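# Secondary and tertiary structure notes
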Amino acid sequence: MKRIALSILVIGFLLLSACAPAEKSTPTPTPTPTPTPTPKLPVESPNITITLDYFGVRNTHHLIGQVGGDPLAKIQLIAAVSDEQRNLAKLAIPPEGIPGFDMDFFQVKAIKDNRSPDVFTGSVTGSLTVYVAAYNVNKGPVTKAQIDVLSKFLGFPGLEALKAAVPDRELIGHYWHTWSPSEKWGVGGNYEDGEGDLRVWLRIGSGQMPEPAQQPVLKPNVKIEFKPPAGVRVRKWLEYRESDFAFTLVNNESFEFPVYWRLETSANLGTEINWYIYPTQGKQYVPGKGTRTVNAKYWFTTPGDYSWKYIAEYPKGNPVDSWEGTLNVIP
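## A few points about the overall build of the protein
- The helix and strand inventory of the protein stands at three helices and 19 strands.
- Looking at the 331 residues of the protein, the share that counts as buried comes to 42%.
- Sequence separation of at least 24 residues holds for 74% of the intrachain contacts in the protein that already meet a minimum separation of 6.
- Carbon and sulfur atoms make up 55% of the accessible area of the protein, which totals about 18,700 Å².

## Structural notes on the packing of aromatic side chains
- Under the criterion given, the structure shown has 23 aromatic pairs.
- The interplanar angle of 75° and the centroid separation of 4.9 Å between the aromatic rings of F226 and Y310 together place this pair among those described as edge-to-face. Here the residue F226 occupies a position in strand 12 (residues 222-226), and Y310 occupies one in strand 18 (residues 304-313), the gap between them amounting to 84 residues.
- According to the relative accessible area criterion, F226 is buried, its value standing at 10%.
- Relative to F257, the ring of F255 lies with its centre 5.7 Å away and its plane at 45°, an arrangement referred to as tilted.
- An aromatic cluster of three or more residues is present, and its members are F226, F245, F247, W261, Y298, F300, Y306, W308, Y310 and W323.
- Here the guanidinium or amino end of R235 rests over the ring plane of W299, the centre of that ring lying 4.7 Å away.

## Here's the deal with the sheet that holds strand 12
- Ordered by their spatial adjacency, three strands build an open sheet running 12-14-17, and the pairing between neighbours is antiparallel. Bordering the open sheet on either side are strand 12 and strand 17 (290-298), each of which pairs with just one other strand. Between one strand axis and the next, the sheet turns by 20° as a mean value, whatever way the strands run.
- Judged from the nine bridges that link them, strand 14 (residues 243-251) and strand 17 form a sheet pairing that is antiparallel. Bridge assignment links F247 to a residue of strand 17, and that residue is V294.

## Some details on the nonpolar core
- Judged by nonpolar contacts, the single largest core of 35 residues is most densely connected at F245, F247, F257, Y298, F300, W308 and Y310.
- Of all the elements in the fold, those that place two or more residues in this core are strand 5 (107-110), strand 12, strand 14, strand 15 (257-265), strand 17, strand 18 and strand 19 (319-330).
- Not counting residues within four places of it along the chain, the set of residues in contact with Y310 comprises I224, F226, F245, F247, W261, R262, L263, Y298, D321, S322 and W323.
- Counting residues in each nonpolar core, the second largest holds 32 residues, with L91, M103, L128 and W179 among its members.

## Points about the pattern of salt bridges
- If you walk through the whole model with that rule in mind, you get seven salt bridges.
- Here R203 makes a salt bridge to D53, at a shortest N to O gap of 2.6 Å. In this pair, R203 sits in strand 11 (residues 198-205) while D53 sits in strand 1 (residues 48-57), placing the two residues 150 residues apart along the sequence. The two residues R203 and D53 agree in class, both being buried.

## With respect to the sheet that holds strand 15
- The mixed open sheet is built from five strands, whose spatial order is 13-19-18-15-16. Looking at the sheet topology across the chains shown, the edges are occupied by strand 13 (232-233) and strand 16 (281-286).
- Here strand 15 pairs with strand 16 via six bridges, running antiparallel. The residue of strand 16 that forms the bridge with V259 is Q284.

## Quick notes on the pairing of strand 2 (residues 73-82)
- Burial runs high along strand 2: 10 of the 10 residues are buried.
- Side chains A73, I75, L77, A79 and V81 of strand 2 all project onto a buried face; the interleaved residues K74, Q76, I78, A80 and S82 project onto the opposite face, where all are buried too.
- In terms of strand pairing, strand 2 meets strand 4 (residues 101-103) through three bridges, oriented antiparallel. Note on strand 4: the bridge partner recorded for A73 is M103.
- Here eight bridges tie strand 2 to strand 7 (residues 128-136), and the two strands are oriented antiparallel to one another. Within strand 7, the residue paired with V81 across the bridge is V130.

## Quick notes on the confidence of the model for the protein
- Residues with a pLDDT of 70 or more make up 74% of the protein, whose mean pLDDT is 81.
- The least confident element of the protein, judged by mean pLDDT, is helix 1 (residues 2-19) at 40; the most confident is strand 12 at 97.
- Scored below 50 in pLDDT, residues 1-22 makes zero contacts in the model with residues more than four places away or belonging to other chains.

## Details of the side chain of N318
- Position of N318 relative to the elements: it lies in the loop between strand 18 and strand 19.
- One polar contact links the side chain of N318 to the main-chain carbonyl oxygen of Y314, over a distance of 2.8 Å.
- Excluding residues that lie within four positions of it along the chain, N318 makes contacts with V217, L218, K219, A312 and E313.

## As for the environment of I172
- Within the element layout of this structure, I172 appears in strand 8 (residues 170-179).
- For the pair I172 and A134, spaced 38 residues apart in the sequence, the C-alpha separation amounts to 5.4 Å.
- Those residues within four positions of I172 in sequence are excluded, and the remaining contacts are V57, N59, T60, H61, I75, A134, Y135, N136, G196, D197 and L198.

Here is what the cut-offs are and how they apply
- Residues numbered from 1 in each chain as written.
- Predicted model: local features only at pLDDT ≥ 70, side-chain atom pairs only at ≥ 80, totals over all residues.
- Heavy atoms only, no water.
- Helix = DSSP H or I, 4+ residues; strand = E, 2+ residues; numbered from the N terminus.
- Buried < 20%, exposed > 50% of the residue type's maximum accessible area, 1.4 Å probe, protein only.
- Contact = heavy atoms within 4.5 Å.
- Areas by Shrake-Rupley, 256 points an atom, 1.4 Å probe, with all protein chains shown as cover.
- Phe/Tyr/Trp six-rings, centres within 6.5 Å; stacked < 30°, edge-to-face > 60°.
- Lys NZ or Arg CZ within 6 Å of the ring centre and 35° of its normal.
- Pairing = 2+ DSSP bridges.
- Axes fitted to C-alpha atoms, helices over the stretch in contact; angles between N-to-C directions.
- Core = buried A, V, L, I, M, F, W, Y, C linked by side-chain atoms within 4.5 Å.
- Salt bridge = Lys/Arg side-chain N within 4 Å of Asp/Glu carboxyl O.
- pLDDT = per-residue confidence, 0-100.
- Polar contact = N/O pair within 3.5 Å; in protein donor to acceptor, adjacent residues only side chain to side chain.

See the structure below:
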């Protein structure tokens, strides 16, 4: 009987186990495929025009060792335009085989007077970069090495191609700038800038071009210092009574160049003031970060108050500084 009861218990346990609900299993989620990003294409600009109107050179490097002893520098420009994908334009101004621009210190030249001023016309993809370099073709040869240095420093693409176009001469200075699409590729602007001794004036337009800048002027950092002599008296019979006049030209630039000077006065030259021996205008070479003192002796025939003005100029006719005051001549 005990065996029969045990069998019945086992059979009942097995039946209960079979009827118990099965444990639920969690299904594995199917992974969502990651979408492949669509490559962002560079923005293409509208048709634009880049015009180079003027360029100026502060220091032409022409006082030392030029070919043939030429008194002026001969400057040639190389201009290049590129976008994010390729070089778009490369040209020499003036073209190879034509003599460069004859230039002195602090001179500005109008490109439009010598050739078509358009450096580039077309559309660009992505950013726009403009590069302009100036060379003194009467000096050298060092520029190809300098192009390598500039290429690494500026990150400008394709400067290797420039090396075949430039003369192997001394680099004067360069201009380099990049405009992004968010800056509208510089369209509608006039730009003046440069590194070293080069300054350029260019504009960028699309359809209608901005008005060009007026004829620019480069002025050196020169000062003129003067202290009027005290006790200036008129000349007496057989007594000249010359007075010492000395003014100082101060050159704050880092290089030597000539400074023109002239005297303006209300005194009548030759009658009220002697000027036969000591002139009232001239030219002095002033060293970089240096001075030159100009000495003169004048005598007067008529007492009174005279206006007295010394003017420093460079280039000649371009005033850069002056001293103005009143000179009192007593009997």
